[in-house]
Amino acid sequence: MSRKKKLEQFAELDRFENVLQCTDPQSSQAIRYDGEVVETRGHWRDGIFKNNNPLVTELACGKGEYTVALAQRDPGKNFIGIDIKGNRMHRGAKNSLALGLGNARFLRIRIEWLTHHFAPGEVDEIWITFPDPFLKKSKANRRLTSPGFQKMYRNILSPTGTVHLKTDSPELYEFTLETLMSTPGVSIIAQSEDIDRDGLNEGILSIQTHYEKLHRASGISIRYISWIYHAGVELLN
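Throughout what follows, the structure given in this document is the object of discussion.

Cut-offs and rules
- Just so you know, the residues in each chain are numbered from 1, in the order the chain's sequence is written.
- Only residues with pLDDT of at least 70 get local features here, since the model is predicted, and only at 80 or more are side-chain atom pairs given and counted; chain-wide, interface and lining totals rely on the full set of residues.
- For the side-chain quantities, the full set of heavy atoms in the structure was used; hydrogens and water were omitted.
- The working definition used for a salt bridge is a side-chain nitrogen of Lys or Arg within 4 Å of a carboxyl oxygen of Asp or Glu.
- Secondary structure elements follow DSSP: runs of H or I no shorter than four residues count as helices, runs of E no shorter than two count as strands, and numbering proceeds from the N terminus.
- Exposure categories follow from relative accessible area, calculated using a 1.4 Å probe and restricted to protein chains: below 20% of the type maximum is buried, above 50% is exposed, and the middle band is partly exposed.
- Stacked, tilted and edge-to-face pairs are distinguished by plane angle, under 30 degrees for stacked and over 60 for edge-to-face with tilted covering the rest, among Phe, Tyr and Trp rings (Trp via its six-membered ring) whose centres lie within 6.5 Å.
- The rule is short: NZ of Lys or CZ of Arg within 6 Å of the ring centre and within 35 degrees of the ring normal puts a charge over the ring.
- Working rule for helices: expected span equals 1.5 Å times residues minus one.

**Let's talk about the pattern of salt bridges**
1) Next: Here the structure, examined in full by the defined rule, presents eleven salt bridges.
2) Next: Note that E125 is salt-bridged to K77, the shortest N-O span being 3.5 Å. Within this pair, whereas E125 is found in strand β7 (residues 123–129), its partner K77 is found in the loop between α3 (65–73) and β5 (78–83), the two being separated by 48 residues in sequence.
3) Next: With relative accessibility at 13%, the residue E125 sits in the buried group.
4) Next: Relative accessible area serves as the criterion here: at 25%, K77 is assigned to the partly exposed category.
5) Next: We note a salt bridge from R216 to E212, for which the minimum N-O separation is 3.0 Å. Placement of both R216 and E212 in helix α8 (residues 210–217) is noted, with a separation of four residues, approximately one turn of the helix. The same class applies to R216 and to E212, which are both buried.
6) Next: What you see here is one network of salt bridges that share partners, running through K166, D196, E212 and R216.

**Let's talk about the packing of aromatic side chains**
Within a pair of aromatic rings, the relevant descriptors are the distance that separates the centres and the angle that separates the planes.
1) Next: For the coordinates displayed, the defined rule picks out four aromatic pairs.
2) Next: Judged by centre distance (6.4 Å) and plane angle (40°), the rings of W44 and F49 are tilted. With respect to class, W44 is no different from F49; both count as buried.
3) Next: When the ring centre of F175 is taken as origin, the NZ or CZ atom of R143, which lies over that ring, is 4.6 Å away.

**Here's the deal with helix α4 (residues 86–99)**
Helical geometry: 3.6 residues make up each α-helical turn, so side chains three or four residues apart lie on a common side.
1) Next: If you check α4, its first and last C-alpha atoms are 20 Å apart, about what 14 residues at 1.5 Å a residue would give, namely 20 Å.
2) Next: When we look at burial in α4, the residues that qualify are G86, N87, M89, H90, G92, A93 and S96.
3) Next: Positive backbone phi, approximately 65°, marks G100, located one or two places after α4.

Here you go:
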């Protein structure tokens with residue numbers, strides 16, 4: 001994509017009423033399409049969605065395909081696609097507006113800033129869909145299922161909150177299983193090295209991103225893990 005096209009998309013993103021953006025790593029505020037600065041942390045229901053429905057986030061949402069599809073399927077929940085790549089997020093945000101999805105928003109921040117924008121217990125469900133596996137050992141702490149991120153998820157999730165990982169990376173899948181099994185206070189709800197083989201490719205797991213369709217077409221297995229955290233158990237650093 002040309003630099004000119006990216007700049008055009010960023011300019012358009014600034015005008016989308018379903019997008020909030022923040023560039024300050026210490027801030028709990030974000031900028032709306034109209035330039036107003038709004039408090040996000042602890043105010044997703046009352047201040048942004050203006051209802052008390054369950055809150056679901058998609059981390060590293062990319063083009064927002066999962067966020068949009070989930071919002072279409074379940075109007076009784078609020079969905080937030082989170083990514084730092086505005087030119088990718090642009091497509092999902094635009095599609096969401098075209099579909100009139102009042103229960104979908106997009107937040108442009110780094111995933112590392114999650115606890116600045118979500119209060120303890122505010123989120124009911126987290127989806128991590130095809131994240132960068134960061135295969136180099138030196139970048140293991142950047143994997144979205146590494147212990148540092150697990151602590152963040154535990155902080156923002158409600159007591160009954162669930163985390164879902166969907167990936168085509170066998171390395172990330174194994175890393176995640178090892179991390180979860182060595183972490184106190186975690187229960188794995190479901191796991192599969194091949195959701196097609198194991199009959200898990202229905203319902204919400206039937207949603208396919210553009211890249212997932214390409215992976216499937218080339219014979220790559222889609223892996224899935226879901227887990228919960230138990231209240232009162234401190235996670236390791």
